[in-house]
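Next come the chains, spelled out residue by residue.
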Amino acid sequence: MASLILPRARASLPLFLLVGHLSRPISSPSPSRSASNRRFSSGPVPPQLKNVGFIGVGNMGSHMANNLIKAGYTLSVHDISISVNNSVSSRFCFWYRDSNVLEKFSKMGICTAKTSYEIIESSDVVITMLPSTSHVMDVYTGPNGFLNGQNALRPWLFIDSSTVDPLTSRSISATVSKSILKEKKGHGDHPVMLDAPVSGGVNGAEAGTLTFMVGGPEEAYLAAQPLFLSMGKVSIYCGGSGNGVAAKICNNLAMAVSMAGVSEAYALGQSLGITAKTLAKIFNSSSARCWSSSDSYNPVPGIMEGVPSSRNYEGGFSCKLMAKDLGLASAAAQEVGFRSPLTSQLYEIYMETCGKGHSGKDFSCIFRHHYAGKDEK
Ligand code: NAD
């Protein structure tokens, strides 16, 4: 099946547990809904996948785990609190270390495991939400990774929601499928893995409105639906293993290209004596209309309220995450011999913007910090 979109079912479930709001910084490009007002309606918890192990409870994962608890799953969580020192992690290190997160889970009666092995032992399904490819490799196939040890027993389903490179994801998935199943619970004979990165940012993770892009065996995708719809509003099946992360990096590449195009055009217009306000009216009623130019995410301060450009580019989707995703897109393009000049150029623009000290600012700040565009009065 090329593409299958399943929105959340309407029928609502009684809440298993009302969990307090875990406050975290950073918002996202998508509109948010208050988590406390949210009614969970993902359908019944499948008994074969009731015990969920969650590894990586950072900015995104803490909220996603929280939403699974609210939907009635039995959670065990694990996170490390010391930085892994290698080239990729240090370059894109965006650890948000709230040492209280595990404590908060523990106070809620949630099992906080000391190692990922403990998670494997107690879970029907393991979800990972880690910073980057190197961390995912560490956790799955590294020297202390839980796929190490040929005879160790594994649960049936692994879901990696981290944004990583598609080839690594495919290779880990192949290793998962060669490991031995702990207990047959009505699914296949071997463990399986889904790559299921998300869009929607921290606000979407908190509100449970994420979009999941999923690659891997379709049977596993269908079985995992109730989990996805407990954490998000939509899931889209993208085909075989690695296609979820491929879709994610293509989506963010398109988003970066449109943001750079609109920012460049506004800044050029200002240099030619046209105000961005006038240009915005023209773009939004003509062929340049798009998400970055219209009513969602204008990058020029002074044009729109309630977007990162109106608050000094605070909140939103950070330049460092955009640089990371463009780096993944660029590497993936090279691996398959695809020429992608815009990807490479945008990667450089975002790396340069991060280098100038704006790595935590929203990605629309290239209007100001790369194109030297001016605020509108
Ligand atoms: P984060 O750094 O806040 O959280 C990652 C967590 O993983 C951290 O708490 C860290 O301690 C933990 N971790 C790292 N290595 C570990 C290991 N070996 N064992 C156990 N835990 C480990 O990152 P995040 O913002 O939550 O993002 C997670 C993923 O989601 C990334 O791949 C990111 O690209 C993607 N993503 C993020 C956003 C966003 O707005 N933050 C949006 C969409 C997708």
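Residues numbered from 1 in each chain as written. Predicted model: local features only at pLDDT ≥ 70, side-chain atom pairs only at ≥ 80, totals over all residues.

> Please explain the overall build of the protein as it appears in this structure.
Helix and strand content of the protein: 13 helices and 12 strands. In the protein, which comprises 377 residues, the proportion classed as buried is 50%. (Helix = DSSP H or I, 4+ residues; strand = E, 2+ residues; numbered from the N terminus. Buried ≥ 20, exposed ≤ 12 C-beta atoms within 10 Å, placed from the backbone.)

> Any chance you could explain the nonpolar core here in plain terms?
Across soluble globular proteins, nonpolar side chains have a tendency to be buried as a group. Among the nonpolar cores identified, the biggest contains 95 residues, and L68 and L157 are the most heavily contacted of them. In terms of residues, this core owes the most to one element, helix α9 (residues 243–271), which gives 12 residues. In this structure, this core is formed jointly by two domains, domain 1 (9–240) and domain 2 (247–369), each of which donates at least three residues. Discounting residues that sit within four places of it in the chain, L157 has contacts with L49, V125, V192, A220, A223 and A224. (Core = buried A, V, L, I, M, F, W, Y, C linked by C-beta atoms within 7 Å. Domains from an automatic or database assignment. Contact = placed C-beta atoms within 7 Å.)

> How should I be thinking about the pairing of strand β5 (residues 125–128) in this particular structure?
Sheet faces and side chains relate simply in a regular strand, where the side chains alternate between the two faces. Every second residue of β5 is oriented toward a common face, with V125 and I127 on one face and V126 and T128 on the other, all of them buried. Where strand β2 (residues 51–55) lies against β5, 4 bridges are found, and the strand directions are parallel. Looking across to β5, one finds that F54 is bridged to I127. (Pairing = 2+ DSSP bridges.)

> Would you mind showing me how to read the confidence of the model for the protein here?
In low-pLDDT regions, the fine details of the predicted coordinates are not to be read closely. Of the residues in the protein, 83% have a pLDDT of 70 or more, and the chain-wide mean is 85. Across residues 9–40, where pLDDT falls below 50, the model places 74 contacts with residues more than four positions away in sequence or in other chains. In this model, residues 82–97 is a region of pLDDT below 50 whose contacts with residues beyond four sequence positions or in other chains number 25 contacts. (pLDDT = per-residue confidence, 0-100.)

> Help me understand the packing of helix α11 (residues 319–335) against helix α12 (residues 341–358) in this model?
Packed helices, taken two at a time, are described by the angle their axes make and the gap between the axes. Close contact between α11 and α12 brings their axes to 9 Å; oriented N to C, the two are set at 150°. Between α11 and α12, the angle falls in the class roughly antiparallel. In this structure, the crossing between α11 and α12 has a hand that is left-handed. Across the interface between the two elements, C319, K320, M322, A323, L326, G327, A329, S330 and A333 of α11 pack against T343, S344, L346, Y347, Y350, M351, T353, C354 and H358 of α12. Here the contact of α11 with α12 is built from residues that sort into 11 nonpolar, 6 polar and 1 charged. (Axes fitted to C-alpha atoms, helices over the stretch in contact; angles between N-to-C directions. Parallel < 35°, antiparallel > 145°, perpendicular 65-115°, else oblique. Left-handed = near helix turned anticlockwise from the far one by under 90°. Nonpolar A, V, L, I, M, F, W, Y, C, P; charged D, E, K, R; others polar.)

> Honestly, the site of the ligand in this entry has me stumped. Any pointers?
Near the ligand there are 30 residues, and of these G56, G58, N59, M60 and T163 occur at the shortest range. Looking at the shell around the ligand, the elements with two or more residues in it are α5 (133–141), α7 (201–207) and α11. When residues of the shell around the ligand are assigned to their parent elements, the largest contribution, 3 residues, is made by α5. Looking at side-chain class alone, the shell around the ligand contains 16 nonpolar, 11 polar and 3 charged residues. The two domains that each donate at least three residues to the shell around the ligand are domain 1 (9–240) and domain 2 (247–369). (Near = placed C-beta within 6 Å.)

> How should helix α6 (residues 166–178) be read in this particular structure?
Counting along an α-helix, one turn takes 3.6 residues, and residues three or four places apart therefore face a common direction. Helix length check: α6 (13 residues) gives 19 Å between terminal C-alpha atoms against 18 Å at 1.5 Å per residue, within 8%. Listing the buried residues of α6 in full gives P166, T168, S169, I172, S173 and V176. Down the axis of α6, the buried side of the element spans an arc of 155°, and every buried residue falls inside it. Turned more than 90 degrees away from the buried face of α6, the exposed residues are A174 and K178. Along its buried surface, α6 packs onto α5, β7 (157–160), β9 (192–195), α9 and α11. (Expected span 1.5 Å × (residues − 1). Arc of directions from axis to C-beta.)

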